[in-house]
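These are the residues of each chain, in order.
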Amino acid sequence: MSGKKWLLLAAIIIASVSFYAFDGQQYLTTSFFHQLYQNDPVLTALVFFLIYVATTALSLPGAAVLTLLSGAIFGLVQGLLLASFASTIGATLAFVLSRTLLRDWVSEKFANYLETINRGVKKDGPFYLATLRLIPAVPFFVINLVMGLTAMRVRTFAWVSQLGMLPGTAVYVNAGAQLGLIEELSLSGILTPPLIGSFVLLGSFPWLTRLFMRRLKHRRLYRSYQRPTQFDDNLVVIGAGSAGLVTSYIAAAVKARVSLVEKHQMGGDCLNTGCVPSKALIRSAKIAHYLQRSGEFGFENVSAEVNFRHVMERVQAIIDKVAPHDSVERYSGLGVRCIHGAAQLISPWEVVVAGQTITARNIVIATGGRPYVPPLAGLETISYYTSDTIWSLREKPDTMLVIGGGPIGCELTQAFTRLGVKVVQLDHGTRLLSREDEDVSQLVMAQFISDGVDLRLQREARSFHKVVDPDTNDVRQYLEAGFHGQKEEIDFDVVLFATGRQANTADLGLEALGIELTERGTIEVNDYLQTVYPNVYACGDVAGPYQFTHVAAHQAWYCAVNALFGHWRKFRVDYSVIPWCTFTDPEVARVGLNEQEAKAQNIPYEVTRYDIDDLDRAIADSEDRGFVKVLTVPGKDTILGVTIVGYHAGELITEYVSAMKHGLGLNKILGTIHIYPTLSEANKYAAGQWKRAHAPGQLLAMVEKYHRWMRH
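Here the residue numbering is sequential within each chain, running from 1 through the sequence in written order. With pLDDT at 70 or above as the cut-off, local features in this predicted model cover only qualifying residues; side-chain atom pairs require 80 or more to be listed or tallied, and sums for whole chains, interfaces and linings still use all residues. Think of the side-chain values as coming from all heavy atoms in the structure, minus any hydrogens and water.

**A look at the overall build of the protein chain**
Regarding its fold elements, the protein chain presents 27 helices and 22 strands. The burial tally for the protein chain puts 47% of its 712 residues in the buried class. Carbon together with sulfur atoms contributes 57% to the accessible area of the protein chain, which is approximately 36300 Å² in total. Strands here are runs of E lasting at least two residues and helices are runs of H or I lasting at least four, both read from the DSSP assignment and numbered beginning at the N terminus. Three exposure classes are used, based on accessible area relative to the maximum for each residue type with a 1.4 Å probe and protein chains only: buried under 20%, partly exposed in between, and exposed over 50%. Surface exposure here means Shrake-Rupley accessible area, sampled with a 1.4 Å probe, where a residue is shielded only by the protein chains that are shown.

This is how it looks when you write it as structure tokens:
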């Protein structure tokens, strides 16, 4: 920073300190300015103007008081002119100072506002600033400072601020002018219609401006479209996965007319390619593993051969058995009009399906997601599987390469390994399940290695190629992977990509309507799951931020209720307690924070751990491994998060989910009777561990002395 800038910054600091040191607020009073006004009105106006500009430019408290004073001293018209132009000049000076001198300080001090305002300016520019000025969701002085760090031009900031602050300034000046007319402090002097009216206007101004801006924004959004005079449906839902099915179910249950559009299969990913088939496969793999462990349970000469084709056909049979729950017949019986075809939005109220236009008052987009496959070199030369397509596999491969160490990759890796496939699992990280704590990953990886998984960590997948054996003409497939600056080639028969998922947003007409996507490629929604159009909603994997079936169903309730009854009351979606489970063996279930997240967010915590190898029922079932780990507020039993690793962890976590949802602490869990012998006792014992660690030492010492005395 140049010498001139340092001098200017020093002058600002000195002025600010002097204002407080010499009690500058004593001059921001009616009596001071009234006395000055009687002697010289012009000088008074000039002094007032300069004080107002300085107060606003230096972001000092008192701008609201000065606005009231301007009306009380100068009257409505003159006071409005002084306050309006002084506030704009002062705000612009603060804007410039922030941009030139205070960038680092403002960035640090108001970081929580910076990202939101930057996003708003980028999206709506001057209109966003005008909205902030009319509806002060952010303090005015913060707007001045943070706006200085955006790309907005000084001239634009000045004129938008002038117009945006004018209505609010007028209301305050009018209130001050009415106060200035009071001749004596009496009931008759205060209870005058103009004064009462000015205070009613002052109190209702934020509500009125919010209503006005909502109407203005509504007109801007919908001006390019002709609203139908009558609608075919109350609700059109696009996508018949978990989110779409639950949304439609709720809408039909409250007697709304609803259409459900699906271009593939009813039930979506969860039924056809996700939760249901993967759990069916895991169950077969679990049985195969128990057969291998039969000696532990006292059985001899037990042998079985995995019929891979029959296992995969059983998976399909399970899908077929569950399918009626999500079928067209069932939902048609509930009153939902089911339509097969690809849907495209052509307006905020119109959806085209197979050449037919359906109009609806509200639209819910629930198109789900699909596996992401990285564009690796040579990918086009091989056939590959994803979690969507692996279920068509019928012949057992000798070697399967699984790329990805997240939940999907881990579940399928272990299942296929236990079904007799040699699995090579590759991931670029240092451990599997990187979102979980290190002790969780280590326990799962130890089991994987014991099962026979060939773990290849810290590898970067680069390219695929084929090699033909000149003697046998056999074609072999290889992946070239980077490893600590070197490369290695991995031989495989089939490759399964488990490298994440991406939202299904293509060919829906979103871009033409201006419905925006987030950086992750999901549809951008607000706290009510509304898109940029208040009557167009999104939920499930296509909206994020969590890609779980149970979260999709959770969001669907908010979409249905807000869409159908939002004109009476809307509900913000609640993500405060979100559980999930990775169905490896041992299972990994979690709700709330784990240790690595608490550390990253600088949240203080205490850890209580109970090892399940001490649990009677787990020992009896020969499943005595894993742990319950609870994070609590230091010194309190308030639960911040729980991780359970072990047999049926996905079932055990439910008690903690309920406790966190309803604000119950570990003392309540400890005081609850748990059946013996059950796995759920692990939750009570974990609470007991916490209680012992927080036993009142001084009180127990006194009790010990009492008992010693009672023995004499």
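**Let's talk about the pairing of strand E1 (residues 233–238)**
Here E1 lies mainly inside the structure; five of its six residues are buried. In this scheme, strands are said to pair when DSSP sees at least two bridges between them. Two elements, E1 and strand E6 (residues 356–365), share five bridges in a ladder whose sense is parallel. Paired with leucine 235 across the bridge in E6 is asparagine 362. Pairing analysis gives four bridges linking E1 to strand E2 (residues 258–262), with the strands arranged parallel. Pairing of leucine 235 across the sheet is with valine 258, part of E2. For the crossover from E1 across helix H13 (residues 242–253) to E2, the handedness is right-handed. Handedness of a crossover is defined as follows: with both strands directed away from the viewer, a clockwise route from the first strand across the helix to the second makes it right-handed.

**Details of empty space enclosed by the protein**
Whether a set of points on the 1 Å grid over the protein atoms alone is a cavity depends on a 1.4 Å probe fitting there but being unable to get out, while an open set qualifies as a pocket with protein on both sides within 12 Å along at least five of seven lines; lining residues are those with an atom within 4 Å of a point. Grid points are joined across faces, edges and corners, and a volume is the space filled by probe spheres set on the points. Considering all chains together, one arrives at one cavity of 30 Å³ or more under this definition. What the largest cavity holds in volume is close to 40 Å³. By the convention adopted, Pro, Cys, Tyr, Trp, Phe, Met, Ile, Leu, Val and Ala count as nonpolar, Lys, Arg, Asp and Glu as charged, and the other residues, Gly among them, as polar. Looking at the lining of the largest cavity residue by residue, the classes come out as five nonpolar, three polar and one charged.

**Focus on the packing of aromatic side chains**
Between rings of Phe, Tyr and Trp, where Trp is taken as its six-membered ring, a pair exists when centres lie within 6.5 Å; planes separated by under 30 degrees are stacked, by over 60 edge-to-face, and by other angles tilted. Tallying each qualifying case throughout the model produces 16 aromatic pairs. The interplanar angle of 25° and the centroid separation of 4.9 Å between the aromatic rings of tyrosine 222 and tryptophan 349 together place this pair among those described as stacked. Taken as a pair, tyrosine 222 in helix H12 (residues 193–222) and tryptophan 349 in the loop between strand E4 (343–347) and strand E5 (350–353) lie far apart in primary sequence, 127 residues in all. According to the relative accessible area criterion, tyrosine 222 is buried, its value standing at 8%. For the ring pair tryptophan 557 and phenylalanine 571, a centre distance of 5.5 Å and an interplane angle of 65° mean the geometry is edge-to-face. One end of the pair, tryptophan 557, is in helix H21 (residues 549–565); the other, phenylalanine 571, is in the loop between H21 and strand E18 (579–582), with 14 residues separating them in the sequence. Taken together, Tyr222, Tyr225, Trp349 and Tyr533 form an aromatic cluster joined through their ring pairs. Look at NZ for Lys and CZ for Arg. If either is within 6 Å of the ring centre and within 35 degrees of the ring normal, a charge sits over the ring. Here arginine 435 stacks its cationic end above the ring of tryptophan 580, 5.1 Å away from the centre of that ring.

**A few points about a positive patch on the surface**
Patch criteria: residues need more than 30% relative accessible area and no salt bridge. Like-charged residues are merged within 9 Å; nonpolar side chains of Val, Leu, Ile, Met, Phe, Trp and Tyr are merged within 5 Å. Any Lys or Arg side-chain nitrogen found within 4 Å of a carboxyl oxygen on Asp or Glu counts as a salt bridge. His residues and chain termini do not enter the charge count, which takes Lys and Arg as positive and Asp and Glu as negative. Where a charge lies is defined by one atom per residue type: Lys uses NZ, Arg uses CZ, Asp uses CG and Glu uses CD. On the surface, a cluster of positive charge is made up of Lys123, Lys217, Arg220 and Arg223. Locating arginine 223 in the fold gives a position in the loop between H12 and E1. Overall, the relative accessible area of 64% leaves arginine 223 in the exposed class.

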